[in-house]
Amino acid sequence: MPNTLNLGANRLAEYFIEHLNRIYCAKLHMVERIPKIAENADFSDLRHALTETYEDVELQISRMNEIYRIIDGSYSNESLKSTIGVFEDAFAAINKHRADPLLRDLSILFYMQNLESIEVASFKVLQIAAVQLKNKQVSQLLQENYDEARDDRALLLMINARYLKG
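With that out of the way, let us pick up the nonpolar core. Among the nonpolar cores identified, the biggest contains 42 residues, and Phe 16, Leu 20, Leu 50, Ile 108, Met 112 and Leu 142 are the most heavily contacted of them. Among the secondary structure elements, those contributing two or more residues to this core are α1 (9–40), α2 (44–70), α3 (81–96), α4 (101–132) and α5 (136–165). Per element, the largest residue contribution to this core is eleven residues, and it comes from α1. If we ignore the near neighbours within four places in the chain, the residues touching Phe 16 are Ile 67, Ile 71, Leu 126, Ala 129, Ala 130, Leu 133, Val 138 and Leu 142.

The next subject is the packing of α4 against α5. Orientation of α4 relative to α5, taken along the N-to-C sense of each, is 155°, at an axis distance of 8 Å. Here α5 runs roughly antiparallel to α4, going by the angle between their axes. α4 and α5 meet at a crossing whose hand is left-handed. For the contact of α4 with α5, the residue count by class is 19 nonpolar, seven polar and seven charged.

Another aspect to go through is the packing of α2 against α4. Close contact between α2 and α4 brings their axes to 12 Å; oriented N to C, the two are set at 25°. On the basis of their axis angle, the class for α2 and α4 is roughly parallel. Crossing geometry of α2 relative to α4 is assigned as left-handed. Between α2, through Leu 46, Leu 50, Thr 53, Gln 60 and Met 64, and α4, the contact on the second element is made entirely by Asp 105, Ile 108, Leu 109, Met 112, Glu 116, Glu 119 and Phe 123. Across the contact of α2 with α4, the residue classes break down as seven nonpolar, two polar and three charged.

Looking now at the environment of Arg 98. Note on placement: Arg 98 falls in the loop between α3 and α4. Along the backbone, Arg 98 and Ala 41 are 57 residues apart, and their C-alpha atoms lie at a distance of 9.5 Å. Excluding residues within four positions of it along the chain, Arg 98 makes contact with Asn 40 and Arg 104. Within polar-contact distance, the side chain of Arg 98 engages the side chain of Asn 40 at 3.0 Å.

Under the defined criterion, the tally for this structure stands at eight salt bridges. Arg 162 serves as the salt-bridge partner of Asp 45, at 2.1 Å between the closest nitrogen and oxygen. Note that Asp 45 is positioned in helix α2 and Arg 162 in helix α5, a separation of 117 residues in sequence. Exposure remark for Asp 45: the relative accessible area of 27% places this residue in the partly exposed category. The residue Asp 147 makes a salt bridge to Arg 150 at a minimum N-O spacing of 3.3 Å. You can see Asp 147 and its partner Arg 150 sitting in helix α5, three residues apart, about one turn around the helix. In this structure Asp 147 comes out as partly exposed when scored by relative accessible area, which is 25%. A residue is classified by how much of its surface remains accessible, and Arg 150, at 31% relative accessible area, is partly exposed.

What counts and how
Throughout this description, residue numbers start from 1 for each chain and increase along the sequence as written. Thresholds applied to this predicted model are a pLDDT of at least 70 for local features of residues and 80 or more for the giving and counting of side-chain atom pairs; totals over whole chains, interfaces and linings are not thresholded and use all residues. With hydrogens and water excluded, all non-hydrogen atoms of the structure serve as input to the side-chain values. Put simply, buried Ala, Val, Leu, Ile, Met, Phe, Trp, Tyr and Cys residues joined by side-chain atoms within 4.5 Å make one nonpolar core. A 1.4 Å probe rolled over the protein chains alone gives each residue an accessible area, and that area as a share of the maximum for its type sets the label: buried under 20%, exposed over 50%, partly exposed in between. By definition, any uninterrupted DSSP run of H or I lasting at least four residues is a helix, any uninterrupted run of E lasting at least two residues is a strand, and each is numbered from the N terminus. Any two residues having at least one pair of non-hydrogen atoms within 4.5 Å are treated as being in contact. Only the stretch in contact is used when fitting a helix axis, every axis being a line fitted to C-alpha atoms; angles between N-to-C directions are given from 0 to 180 degrees. Under this scheme an angle from 65 to 115 degrees is roughly perpendicular, one under 35 degrees roughly parallel, and one over 145 degrees roughly antiparallel; angles in between are oblique. Handedness of a crossing follows from how the near helix is turned relative to the far one, being left-handed for an anticlockwise turn of less than a right angle and right-handed for a clockwise one. Only Asp, Glu, Lys and Arg are considered charged, only Ala, Val, Leu, Ile, Met, Phe, Trp, Tyr, Cys and Pro nonpolar, and every remaining residue, Gly among them, polar. Under the rule applied, a polar contact is a pair of N or O atoms within 3.5 Å (in protein, one hydrogen donor and one hydrogen acceptor; residues adjacent in sequence only if both atoms are side-chain atoms). Salt bridge, as applied in this entry: a Lys or Arg side-chain nitrogen positioned within 4 Å of an Asp or Glu carboxyl oxygen.

This is how it looks when you write it as structure tokens:
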């Protein structure tokens, strides 16, 4: 078994686009849902973090649009229901605790941290693929998205720790 994979440029590009589409789909879904979630957050620090995350997601989408332009590609949402399903499951759990502000906020924190973790991993994997595709500009845009998603996740973890301390 080889220690490295050699997909070739065409297969690697296909892999890259397929997974870029997945995270782009997730980001589009988040930008639609975060304002609704923020309206239901009770803890002011959480509302602020959600607003900051929303602004970061908009920037990340803008960078991803630039990536599509650079690689002369376009977004396709074929068979991305599973990606949206992960987000819908998270929002359903948040809505379950609508009547209990403490549990609702903790659910928001839990699922937003999970979603940010998925994004952090996705952006890092795509950034590594961009390096292999020898596209420094795309790699840099993905690194910026990775850094923002990582920072958003850290902010949510900090708020979660503060919230649970009481």
